[in-house]
Amino acid sequence: MADAAFAVPKRAMAVFAHPDDVDFGCSGTLAAWIERGTHVTYCVLTSGQKGTHDPKMTPARMAETREREQRAAGEAIGVEGFGFLRYQDGELERSMKLRGQVCLAIREHKPDVVFTNDPWGHYQIHPDHRVAGWSGMDGVIAARDHLFFPEQLNNGLKHHRVTRVLLFGTREPNIWFDITGTLDKKIAALRSHESQVGGRDEFPKRMRAWSKTIGAAWNVPHAEAFRYLELA
C-alpha cells in the first residue's frame, strides 16, 4: 500500500521497549505527520538501564540519561507527550499490569493510530521487543472495551477504540511512507541518543543508506516500511 492511500491521523502514539526504538523504527514518518498537524505521544516501557558498555555507569544514571535523550529526540521532531513506565531493561514480561498501563495510556491520549514493535518479526531475538509489541497490541484491544480494566473509567475517562496499528521492525511490510523530506529530522532525533550512537561519525551515512534501500523497493528516495493492521 502506498502512503498516499493512508489518511494522516489527528493523533498517534508509539508504544516501544527502549529509548531510541521509536527513532530507529518510525520517527521519519511521525515527523512528517507532525508537520501535517498530527499530535504524537510516546509510551516508553523500559528505561534502557543496561544499554551501556561503560563499566563505571550505574543503572540509575543510565536510566536518567536515556530518558533525557528520548525527550530530546522526541522534541527534535515535535512530539508533544511522553510517558515513561520505567520497567527494567531486559526484563520486560507480558503481564496484566503492563497491559493495563498501556491500556490506560491509550485511553488517556486517544490515538487514532498506534505504532509498536512487530512481535512476529522473523528472528526477533530481543525479548523486550517481542513483549513491547504484544503489550502494545494487547493494550489496543483492552482500551476499546469498557469491561476491560473498568476501574480506569471511574473518573470520567472513557474507553477508546484504535482502528489502525503500524508495526515497525517488520520483515513483512505491506505499507511504506516517504520520509525524504524528514530524513534529516530522523537523523537529528537519533543523534540525540548520545549514549547509544555518540562518536559514530558514519552514523548519518548509514541511516541514509538504510532508508534509501527501503525506499528503492517502493520507488521513492527514502522510506520507512511497516506491517499495517486495520482493526474492525
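In what follows, the structure referred to is the one given above.
My aim in this report is to walk through the structure given alongside it, one point at a time.

What counts as what
- Residues numbered from 1 in each chain as written.
- Predicted model: local features only at pLDDT ≥ 70, side-chain atom pairs only at ≥ 80, totals over all residues.
- Heavy atoms only, no water.
- Helix = DSSP H or I, 4+ residues; strand = E, 2+ residues; numbered from the N terminus.
- Rg over C-alpha atoms; globule rule 2.2 N^0.38 Å.
- Buried < 20%, exposed > 50% of the residue type's maximum accessible area, 1.4 Å probe, protein only.
- Contact = heavy atoms within 4.5 Å.
- Areas by Shrake-Rupley, 256 points an atom, 1.4 Å probe, with all protein chains shown as cover.
- Lys, Arg positive; Asp, Glu negative; His and termini not counted.
- Charge placed at Lys NZ, Arg CZ, Asp CG, Glu CD.
- 1 Å grid on protein atoms, 1.4 Å probe; cavity = no way out; pocket = protein on both sides within 12 Å on 5 of 7 lines; lining within 4 Å.
- Points joined across faces, edges and corners; volume = space filled by probe spheres on them.
- Nonpolar A, V, L, I, M, F, W, Y, C, P; charged D, E, K, R; others polar.
- Axes fitted to C-alpha atoms, helices over the stretch in contact; angles between N-to-C directions.
- Parallel < 35°, antiparallel > 145°, perpendicular 65-115°, else oblique.
- Left-handed = near helix turned anticlockwise from the far one by under 90°.
- Pairing = 2+ DSSP bridges.

### Some thoughts on the overall build of the chain
- Helix and strand content of the chain: 8 helices and 7 strands.
- Expected size for 232 residues packed as a compact globule is a radius of gyration near 17 Å; at 17 Å, the chain falls within 12% of this value.
- Here the C-alpha coordinates of the chain stretch approximately 50 × 50 × 35 Å along the principal axes.
- Counting the 232 residues in the chain, one finds 53% classified as buried.
- Within the chain, residue pairs in contact and separated by at least 24 positions form 80% of the contacts whose partners lie at least 6 positions apart.
- Accessible surface for the chain amounts to roughly 11200 Å². Of this, 52% is attributable to carbon and sulfur atoms.
- Between the mean site of the 30 positive side-chain charges and the mean site of the 29 negative ones, the chain shows a separation of 2 Å.

### Some details on the layout of surface pockets
- Roughly 740 Å³ of volume is contained in the largest pocket.
- Secondary-structure elements contributing two or more residues to the lining of the largest pocket are α1 (21-25), α7 (194-197), α8 (203-218) and β7 (223-230).
- Among the elements that line the lining of the largest pocket, the one with the most residues is α8, at 6 residues.
- The calculated volume of the second largest pocket comes to roughly 160 Å³.
- Lining of the second largest pocket is provided by Gly51, Thr52, His53, Met62, Glu194, Ser195, Gln196, Val197, Gly198 and Arg200.
- With 4 residues, the single largest contributor to the lining of the second largest pocket is α7.
- Classifying every residue of the lining of the second largest pocket by side-chain character gives 2 nonpolar, 6 polar and 2 charged.

### Focus on the packing of helix α4 (residues 96-109) against helix α5 (residues 127-144)
- One way to put it is that α4 packs onto α5 with a least axis distance of 8 Å and a crossing angle of 60 degrees. Looking at the two axes, α4 sits oblique to α5. Considering the relative orientation of α4 and α5, their crossing is right-handed. Together, Leu98, Arg99, Val102, Cys103, Ile106 and Arg107 of α4 and Val131, Ser135, Gly136, Asp138, Gly139, Val140, Ala142 and Ala143 of α5 make up the contact between the two elements.
- Looking at side-chain class alone, the contact of α4 with α5 contains 8 nonpolar, 3 polar and 3 charged residues.

### A few points about the environment of Gln88
- Its place among the elements puts Gln88 in the loop between β3 (81-87) and α4.
- When its relative accessible area of 38% is taken as the criterion, Gln88 is described as partly exposed.
- Placed 39 residues apart in sequence, Gln88 and Gln49 show a C-alpha to C-alpha distance of 6.8 Å.
- Those residues in contact with Gln88, other than ones at most four positions away along the chain, are Thr46, Gln49 and Lys50.

### Quick notes on the sheet that holds strand β5 (residues 164-168)
- Spatially, the 7 strands line up as an open sheet ordered β3-β2-β1-β4-β5-β7-β6, and their pairing is mixed. Two strands bound the open sheet, and with one partner strand each, they are β3 and β6 (175-178). Each strand of the sheet is rotated relative to its neighbour by a mean of 25 degrees, with strand direction disregarded.
- Along the sheet, α5 makes contact with β1 (11-16), β2 (39-46), β4 (113-117), β5 and β7, crossing β4 at roughly 155 degrees.

### Notes on unusual backbone geometry
- Phi at Asp20 takes a positive value of approximately 95 degrees, unusual for a residue other than glycine.
- Assignment of secondary structure puts Asp20 in the loop between β1 and α1.
- Owing to a relative accessible area of 8%, Asp20 belongs among the buried residues under this scheme.
- The residue Arg86 is not glycine, and still its phi comes out positive at about 65 degrees.
- Note on placement: Arg86 falls in strand β3.

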